[in-house]
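# A closer look at the structure
Here is what each chain is made of, one letter per residue.
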Amino acid sequence: MIETSTRSLLTIVTEAGLEAPLAAEFDARGLGYTVTDARGRGTRGRRASQWAHSGNVRFEIVCDPGTAEALAGHLHKQYFAHYAMILWMQEVAVLRADKFV
Amino acid sequence: MFANARHIDTPMALDPVVLFFILGLAAGLARSDLKIPPAIYDLLSLILLLAIGMKGGIELARQPATGLVHDIAVVIAMGVVLTLLAFAILLLCRLPRIDAAAVAAHYGSVSVATFAVGVAYVTRAGLPYEPHLPLFLVVLEIPGIVVGILLARGGARGLPWRKLLHEILFGRSVLLLLGGLVIGWVMGEQGMAPIAPLFIDLFKGVLALFLLEMGLIAAGHLGGLRGRNLAVIGFALLAPPLFALVGIGTAALLGLSQGGALLLATLAASASYIAAPAALRTAVPEANPALSLTAALGITFPFNILVGLPLYHQMVHALLVAPPPG
């Protein structure tokens with residue numbers, strides 16, 4: 001049986017134009033992340049990834065639950081009003097827990 | 001004069017690059033599964049930006065421009081006037097101030113793709129143009145965005161200027177245009193010969209593929225027209241010819257050739273859909289981005305490509321070239 005630890009996975013889907021500012025914020029907080037191009041449809045219409053400026057990106061951050069909640073609260077306050085952004089959190093079992101603070 | 005008359009009568013719609021745009025538009029509207037991969041689109045725009053810059057640079061090396069500082073100042077003033085004019089018209093159309101300022105920023109700034117089609121048009125019509133026109137293209141990206149943001153914010157306080165300037169000056173379009181210009185200017189025509197097959201000879205082929213994708217993108221934005229403010233749709237159709245007049249007036253002030261005047265009119269008539277949306281999103285996030293993009297990309301860009309260029313050519317001919325009656 002492999003020993004796992006519990007962490008939070010915070011997933012953020014938002015407009016591609018926010019990739020650089022968000023990445024800078026996560027860097028400043030010392031958080032690692034994975035970012036991928038994404039496409040789909042939501043309340044603000046279809047977001048096609050074929051064109052850089054109309055596309056979406058999807059950030060995934062694994063960290064401890066407190067950090068994830070604090071970050072979600074910050075993103076809510078800072079971006080929800082004027083940007084296309086959704087986020088969700090879930091519990092995940094990770095190996096090498098020391099990588100996710 | 002006969003040569004000019006013949007070119008005036010040649011409909012630009014017959015140019016293959018325009019037909020590629022129509023093909024893309026039709027494919028998009030018919031919901032075809034046609035897609036240009038994003039990396040290919042990036043490569044095509046990269047080649048176009050460098051090629052436009054290089055062409056200007058090569059010409060500058062051949063015949064250095066004089067009085068550039070004065071000309072650039074006049075062109076910046078034109079960008080400011082166009083933005084204020086757009087803002088005033090949109091306020092009259094009862095658009096909220098922030099949205100009016102955001103749309104005005106797009107129309108005060110310029111579209112590189114429209115300029116590229118303009119270059120193909122003047123080349124096909126056999127109209128020479130001044131080598132520093134690409135420099136005007138670079139310069140004109142900026143005043144519209146800055147003035148639009150100031151109008152939206154009601155001042156300069158609290159704006160992330162460093163970030164904005166970095167975004168505008170080091171964005172890929174300005175960087176590649178200026179980079180191409182410097183490379184072309186330093187190397188001259190002979191020095192550029194080894195890479196001319198890619199950047200100069202393939203220009204129209206690359207432009208054709210690029211416009212195919214632009215047609216698909218424009219079709220996507222046309223879908224967003226439903227339920228949009230009718231005044232904005234009217235503005236997106238009527239502003240380009242009006243702004244082209246301002247461009248022709250500026251060209252007369254600068255003493256530009258017929259080809260140069262047509263390109264400056266095209267720049268004035270065009271609306272930014274890359275640099276302006278990105279900067280506005282950073283500085284004025286509360287403005288509705290779909291409004292500006294639908295107008296600039298869904299209406300004004302196709303209008304300029306399909307109807308605008310031949311129309312502005314006629315206007316330049318009538319105002320600057322044709323002898324006065326009597």
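This text follows the structure it describes.
Read on for a plain summary of the structure. None of the values given here were measured: they were computed from a predicted structure.

Check the secondary structure of chain A and you find two helices and six strands. Shown N-terminal to C-terminal, the secondary structure of chain A runs as helices and strands in the order β-α-β-β-β-β-α-β. Of all 101 residues assigned to chain A, the portion counted as buried reaches 38%. Restricting the contact set of chain A to residue pairs at least 6 apart, pairs at least 24 apart contribute 77%. Approximately 6000 Å² of chain A is accessible, and the part contributed by carbon and sulfur atoms is 50%.

Let us look at the packing of helix 2 (residues 16–29) of chain B against helix 15 (residues 289–321) of chain B. Residues and elements named next belong to chain B. The N-to-C vectors of helix 2 and helix 15 enclose an angle of 145°; their axes lie 10 Å apart at closest approach. Note on packing geometry: the crossing formed by helix 2 with helix 15 is left-handed. Between helix 2, through V18, F21 and I22, and helix 15, the contact on the second element is made entirely by F301, P302, I305 and L306. Taken together, the residues of the contact of helix 2 with helix 15 break down into seven nonpolar, no polar and no charged.

Residue and element names in this part refer to chain B. Together, L19, I22, L306, V307 and L311 give the surface a local cluster of nonpolar side chains, amounting to about 360 Å² of exposed area. Contributions of two or more residues to the nonpolar patch are made by helix 2 and helix 15. In terms of residue count, the dominant contributor to the nonpolar patch is helix 15 (three residues). Structurally, the position occupied by V307 is in helix 15. Overall, V307 belongs to the partly exposed group, its relative accessible area being 42%.

One frequent convention defines the size of an interface as the accessible area lost when the parts assemble. The interface is formed by 15 residues belonging to chain B together with ten residues belonging to chain A. Summing both sides of the interface, chain B and chain A together bury roughly 1100 Å²; the carbon and sulfur share of this comes to 57%. Summed over the shared surface of chain B and chain A, the number is one salt bridge. Applying the counting criterion to the chain B and chain A interface returns three residue pairs in polar contact (both at pLDDT 80 or more). Only helix 3 (38–62), helix 11 (203–222) and helix 14 (275–283) of chain B provide two or more residues apiece to the side of chain B that touches chain A. Of the residues assigned to the side of chain B that touches chain A, the class counts are nine nonpolar, two polar and four charged.

Our next topic: the sheet that holds strand 2 (residues 34–38) of chain A. Residues and elements named next belong to chain A. Here we have four strands laid out as an open sheet, ordered 2-5-1-6, and antiparallel in their pairing. Among the strands making up the open sheet, the edge pair consists of strand 2 and strand 6 (85–94). Ignoring strand direction, the axes of neighbouring strands in this sheet form an average angle of 20°. Of the pairings in the sheet, the one linking strand 2 to strand 5 (residues 56–63) comprises five bridges and is antiparallel in character. Among the inter-strand pairings, D37 is bridged to a residue of strand 5, identified as V57. Where helix 2 (residues 65–79) meets the sheet, its contacts fall on strand 1 (5–15), strand 5 and strand 6, and the angle it forms with strand 6 comes to roughly 175°.

Turning our attention to the nonpolar core. For soluble globular proteins, the rule of thumb is that nonpolar side chains tend to be buried together. Formed by 110 residues in total, the largest nonpolar core has its most connected members in Y107, L207, F210, L211, M214, L264 and L267 of chain B. Element by element, the count of residues in this core is highest for helix 15 of chain B, at 13 residues. Core analysis: the second largest hydrophobic core is formed by 18 residues, I12, L22, L75 and Y79 of chain A among them.

Another point: the side chain of T14 of chain A. Residues and elements named next belong to chain A. Structurally, the position occupied by T14 is in strand 1. At a separation of 2.7 Å, a polar atom in the side chain of T14 contacts the main-chain carbonyl oxygen of A84. Those residues in contact with T14 that sit more than four places away from it in its chain are L22, G55, N56, V57, A84 and M85.

Moving on to the packing of aromatic side chains. On inspection of all chains with the given rule, the structure shows nine aromatic pairs over all chains. With 5.4 Å between their ring centres and 15° between their planes, Y41 of chain B and F210 of chain B make a pair best called stacked. In this pair, Y41 of chain B is assigned in helix 3 and F210 of chain B in helix 11, connecting sequence segments 169 residues apart. Each member of the pair, Y41 of chain B together with F210 of chain B, is buried. Between F235 of chain B and F243 of chain B, the aromatic rings sit 6.4 Å apart at their centres with planes inclined by 80°, giving edge-to-face as the arrangement. The class of F235 of chain B is buried, set by a relative accessible area of 4%. One aromatic cluster in this structure is built from F26, Y33 and F59 of chain A. Note that K55 of chain B overlies the ring of F203 of chain B, its terminal NZ or CZ placed 4.1 Å from the centroid.

The subject of this paragraph is the environment of N229 of chain B. With respect to the element layout, N229 of chain B can be found in the loop between helix 11 and helix 12 (230–254). Linking N229 of chain B and L291 of chain B, residues 62 residues apart in sequence, is a C-alpha distance of 8.4 Å.

Definitions and limits used
- For every chain, the first residue of its written sequence is number 1, and the numbers climb from 1 along that sequence.
- Here every chain gets a letter starting at A, and every ligand a number starting at 1, in the order they are written.
- With pLDDT at 70 or above as the cut-off, local features in this predicted model cover only qualifying residues; side-chain atom pairs require 80 or more to be listed or tallied, and sums for whole chains, interfaces and linings still use all residues.
- Only hydrogens and water are removed before side-chain values are computed, so all heavy atoms of the structure are retained for them.
- Segments assigned H or I by DSSP are reported as helices when at least four residues long, segments assigned E as strands when at least two residues long, and all are numbered from the N terminus.
- Burial classes: relative accessible area under 20% of the type maximum marks a residue as buried, over 50% as exposed, and values in between as partly exposed (1.4 Å probe, protein chains only).
- Residues count as neighbours in contact if any of their non-hydrogen atoms are within 4.5 Å of one another.
- Only the protein chains shown count as cover for residues, and all accessible areas are computed by the Shrake-Rupley method using a 1.4 Å probe.
- Convention adopted: a line fitted to C-alpha atoms gives each axis, helices being fitted over their contacting stretch, and angles between N-to-C directions are expressed from 0 to 180 degrees.
- Note on convention: near helix rotated counterclockwise from far helix by under a right angle means a left-handed crossing. Clockwise means right-handed.
- Classes in brief: Ala, Val, Leu, Ile, Met, Phe, Trp, Tyr, Cys and Pro nonpolar; Asp, Glu, Lys and Arg charged; the others, Gly included, polar.
- Patch rule: a residue counts if its relative accessible area is over 30% and it has no salt bridge; like charges are joined within 9 Å, and nonpolar side chains (Val, Leu, Ile, Met, Phe, Trp, Tyr) within 5 Å.
- Salt bridge, as applied in this entry: a Lys or Arg side-chain nitrogen positioned within 4 Å of an Asp or Glu carboxyl oxygen.
- Accessible area, probed at 1.4 Å, shrinks when two parts are joined; the buried area is that loss added up over both.
- In protein, a polar contact means a hydrogen-donor-capable atom and an acceptor-capable atom, both N or O and within 3.5 Å, with residues adjacent in sequence counting only if both atoms are side-chain atoms; elsewhere, any N or O pair within 3.5 Å suffices.
- Paired strands, in this sense, are two strands between which DSSP finds at least two bridges.
- Buried Ala, Val, Leu, Ile, Met, Phe, Trp, Tyr and Cys residues form a nonpolar core when they are joined through side-chain atoms within 4.5 Å.
- What counts as a ring pair is set by centres within 6.5 Å for rings of Phe, Tyr and Trp (its six-membered ring), and what kind of pair is set by the plane angle: stacked under 30 degrees, edge-to-face over 60, tilted for all other angles.
- A positively charged side chain is recorded as over a ring if its NZ (Lys) or CZ (Arg) lies within 6 Å of the ring centre. The angle to the ring normal must also be within 35 degrees.

All quantities given are derived from atomic positions and should not be read as evidence of function.
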